[in-house]
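Report on the structure
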Amino acid sequence: MSWLQRLYQTYEAASQNADIQAQDQKLMPYYHVNQNVQIVITINDRGDFVRAEVCRDDNGKVKSKYLAIPATNDSANRTSGAVAHPLSDKLQYVAKDFFDYSQNKKDLYPLYEDSLSTWCSSEYSHPKARAVLTYVKKGTLVKDLIDAHVLIIDPNDKSKLAYPEQASDYPDSLLSALNKNKGVFDQGAAFIAWNVIASSLDTPTQHVTETWRDDSLFAAWQQFYATLDSIDGFCYITGGTSPLASKHPNRILRSATNAKLISANDATGYTFRGRFTDATGMQAAGISAVVTEKAHAALSWLLSRQGREEAGQAIVAWSISGIEVPQPTSVAAPLDVLDASKTSDNDDDDDDDDDDFEEYDDDEASGTEPTFQHLNDLGYRFATHLRNTLQGYRQKLEAHDQISIITLEAATPGRMAVTYYHESMPSEYIDALQAWYTQFAWYHTYRDDDSNQQRLGIQSPTPKQIAQVAYGARLSDALKKQVVAQVLPCIVEGEARRFPRQLVELCIKRACNPLALEHWEWEQALSTACALYRGYYLRQSDNKKRSYTVALQPELTSRDYLYGRLLAVAEDIESLALYVAGEKRNTTAQRYMQQFANRPFTTWRNIELALKPYENRLKSNRGGYLAKKQQLIDEIMSAFTSDRFTDDSALSGEFLLGYHSQKMQFKLDKEHAKAKVENDSDAA
């Protein structure tokens, strides 16, 4: 139960941190739940109705508000409607006169009045709760809401509420925030929250009138409800004797609000038969009511504040002190390589080099020479950039602060499980993230939030991107969660975890088939496959370890890498020839890429023969460019030995590294030459 203990400790630390409590997403009080509220009723401290309004957003559009309300374990987990919340609840519970206006067959108000009266008659009563009780006992709530034009009456029977089938029949009304029930809109399902103001000028001004923001009201309910747990026992979290929880909170995940992490109330299904003698399950592991409430409140707060939730799977990393830490599934700040807004295509553009040639057509014509020198420090620049990004987190976190990472999954609507949990010290966690971001880094095109432009950067892929590349964009939620579960330990546990070979092979296979994908999808697949292949071999044992850099490695003479470079040169030549002729279609290199990966020697001869017409086309108007590309092909060919070049066995994923690095080298050379020409023009 270490995760439960860490969450409890986090709640205790965060609740005492004034900076955290001052944030918009502050820690929710325990023994409370968040609830979508549609109506706010304002009364005075003597229980008199003042006004009522439908909840709206900042633009005036009808929209529910997500507010904290007091709740019992039974009311928070209710499914049959046989129990009421103690203060704020649905209209059908809080309105004494609702039964007279509705079609309900059962009057639910007595449940609400009994719950609220019990609290108000205790020593932990609160003035706002007593004011609400005084008002609801008058039995005029529905009438007051009708007079305030909040509720809609039946046009055929003025003594009854309407049950419309279409919300559009009543635009800008409460119905816009409600869900249909059995084909109609039931206004009794509207949730009520209370605002209690002073009754006269002589009454002391209250700093907080909203019940969902009043800390004194929160404390009064917590103190009262704690007295209702009468079964004392040993708490496995605190190590002391205290009232134990018979039920545990839900509402942790937004996508599965009824799913619970801990459930031990099966008294009739014989869940505990053979090992435990009681029907409550407390003999298994007792947890005090306050501890479980605080731990679940902390988890819910962490997930909404800094976690990631998708399709019933949630992941969050946090520090015990409550200080925000970098999330393992987030993208680290990429290193900008160049402004890719002109060199990236639209989704329906099949040729990714046209804009390059439009900006910079001929090295010879510009009077500049392309060079590898401006990328020699690319790895150093990226490492420095990443180190500076993570340094801020290192400075905020204390050396002894605990970092925890948890993954939750809801297998069914009512059950949720911890599928992964890991603890580490801050330095170990930051080092693990740095290792992932460094070892699995590769070229990626991303959209800059500030300029809203496409940029070419260096970053590592996210688990979600890896899943989409490996299995396609339309993969099932179950498969996506499975991939995330495989990748997450490789991120948070550092080099101790090797990356799954199967995912690498799947990504390589898709990257080798550009014709089966949209252009943007293939670019993502290519970048991801290169990143995973590079990182996979960087994490192998010493005798199998291979070191690749993101920048082109002209000194690397392995067969697969050289073949990848040849393919990139052939593609670049044909792309320019197509651009000169005003044609837009896939190059021969792209069309033969999958075949090239399986039989490189045989396929290269076909590509080389198909390249001749395009070379002839470029001789007249791009002679300098063509001569340099032919020279580059000769240099690459000379790096082969005859037996390696004629080897027609399938290429490994290494050829993608040579291919993509060479492509990026061309792109960066053109950008470098263009910038040099512009600088020379400015200087002149």
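Residues numbered from 1 in each chain as written. Predicted model: local features only at pLDDT ≥ 70, side-chain atom pairs only at ≥ 80, totals over all residues. Heavy atoms only, no water.

Quick look at the overall build of the protein now. For the protein, the helix and strand inventory stands at 25 helices and 18 strands. Out of the 684 residues in the protein, the part that is buried amounts to 52%. Considering only contacts in the protein between residues 6 or more positions apart, those separated by 24 or more positions represent 69%. (Helix = DSSP H or I, 4+ residues; strand = E, 2+ residues; numbered from the N terminus. Buried < 20%, exposed > 50% of the residue type's maximum accessible area, 1.4 Å probe, protein only. Contact = heavy atoms within 4.5 Å.)

Its place among the elements puts Cys55 in the loop between strand E3 (49–54) and strand E4 (65–70). Looking at Cys55, the relative accessible area reads 4%, which means it is buried. Between the alpha carbons of Cys55 and Gln38 there is a distance of 5.3 Å; along the sequence they are 17 residues apart. In contact with Cys55, not counting residues within four places along its chain, are Val37, Gln38, Ile39, Val40, Lys61, Val62, Lys63, Ser64 and Lys65.

The subject of this paragraph is the pattern of salt bridges. Throughout the structure, instances matching the rule amount to 24 salt bridges. Close ionic contact of Asp48 with Lys138 constitutes a salt bridge, the shortest N to O distance being 2.8 Å. Pair noted here: Asp48 is in the loop between strand E2 (39–44) and E3 and Lys138 is in the loop between helix H7 (127–137) and helix H8 (141–147), with a separation of 90 residues, a long-range link. Asp48 sits in the partly exposed class, given a relative accessible area of 25%. For Glu505, the salt bridge goes to Arg501, with nearest N and O atoms at 2.4 Å. (Salt bridge = Lys/Arg side-chain N within 4 Å of Asp/Glu carboxyl O.)

Moving on, we come to the nonpolar core. Across soluble globular proteins, you tend to see nonpolar side chains buried next to one another. Tyr429, Trp436, Tyr443, Phe499, Phe655 and Leu656 are the most contacted members of the largest nonpolar core, which has 93 residues in total. Broken down by element, this core gets its largest block of residues, 12 residues, from helix H19 (residues 559–580). Beyond its immediate sequence surroundings of up to four residues, Leu656 is in contact with Ile508, Ala511, Cys512, Leu526, Ala529, Cys530 and Met593. Ranked by size, the runner-up nonpolar core spans 87 residues in total, among them Ile146, Leu217, Cys235 and Ala295. (Core = buried A, V, L, I, M, F, W, Y, C linked by side-chain atoms within 4.5 Å.)

Attention now moves to the packing of helix H17 (residues 501–511) against helix H18 (residues 519–538). Two quantities define a packed helix pair, namely the angle between the axes and the distance from one axis to the other. Where H17 contacts H18, the two axes come as close as 8 Å, and the packing angle between them is 145°. For the pair H17 and H18, the crossing hand works out as left-handed. Between H17 and H18, the residues in contact are Arg501, Leu503, Val504, Cys507, Ile508, Arg510 and Ala511 and Glu521, Trp522, Ala525, Leu526, Thr528, Ala529, Leu532, Tyr533, Tyr536 and Tyr537, respectively. Residue composition of the contact of H17 with H18, by class: 13 nonpolar, one polar and three charged. (Axes fitted to C-alpha atoms, helices over the stretch in contact; angles between N-to-C directions. Left-handed = near helix turned anticlockwise from the far one by under 90°. Nonpolar A, V, L, I, M, F, W, Y, C, P; charged D, E, K, R; others polar.)

Right, let's get into the confidence of the model for the protein. Where the model shows low pLDDT, its predicted coordinates should not be examined in detail. When pLDDT is averaged along the protein, the result is 86, and 89% of the positions lie at 70 or above. Per-element confidence in the protein is highest for H7, whose mean pLDDT is 97, and lowest for helix H12 (residues 363–366), whose mean pLDDT is 39. Low pLDDT, under 50, characterises residues 339–374; the predicted model gives this stretch 88 contacts beyond four residues in sequence or across chains. (pLDDT = per-residue confidence, 0-100.)

Now for the sheet that holds strand E13 (residues 313–319). Consider a sheet: its strands pair through backbone hydrogen bonds, and that pairing is either parallel or antiparallel. An order of E12-E13-E15-E16 is seen for the four strands of this open sheet, with the pairing classed as antiparallel. Pairing within the sheet leaves two strands with one partner each, and these edge strands are strand E12 (308–310) and strand E16 (415–424). Along the sheet, successive strands turn relative to each other by an average axial angle of 15°, direction set aside. Along the sheet, helix H1 (residues 2–15) makes contact with E13, strand E15 (403–412) and E16, crossing E16 at roughly 75°. (Pairing = 2+ DSSP bridges.)

So, on to the state of the cysteines. The final tally for this structure, using the stated rule, is zero disulfides. The cysteine Cys530 is free of any disulfide, with Cys512 supplying the nearest cysteine sulfur at 9.4 Å. With a relative accessible area of 0%, Cys530 lands in the buried category. (Disulfide = S-S within 2.5 Å.)

Moving on to the packing of aromatic side chains. For the structure on display, the rule yields 23 aromatic pairs. When the ring of Tyr135 is compared with that of Trp194, the centres are 6.0 Å apart and the planes differ by 75°; the resulting orientation is edge-to-face. Note that Tyr135 is positioned in helix H7 and Trp194 in strand E9 (residues 192–197), a separation of 59 residues in sequence. The exposure class of Tyr135 is buried, given its relative accessible area of 1%. For Trp194, a relative accessible area of 0% gives the class buried. Considering the side-chain rings of Tyr536 and Tyr537, the 5.1 Å spacing of their centres and the 85° angle between planes classify their relative orientation as edge-to-face. Comparing Tyr536 with Tyr537 shows no difference in burial state: the two are buried. Aromatic rings pair up to connect Tyr11, Tyr30, Tyr31, Trp119, Trp221, Phe224 and Tyr225 into one cluster. If you follow Lys396 out to its NZ or CZ, it ends over the ring of Tyr393, 6.0 Å from the centre. (Phe/Tyr/Trp six-rings, centres within 6.5 Å; stacked < 30°, edge-to-face > 60°. Lys NZ or Arg CZ within 6 Å of the ring centre and 35° of its normal.)

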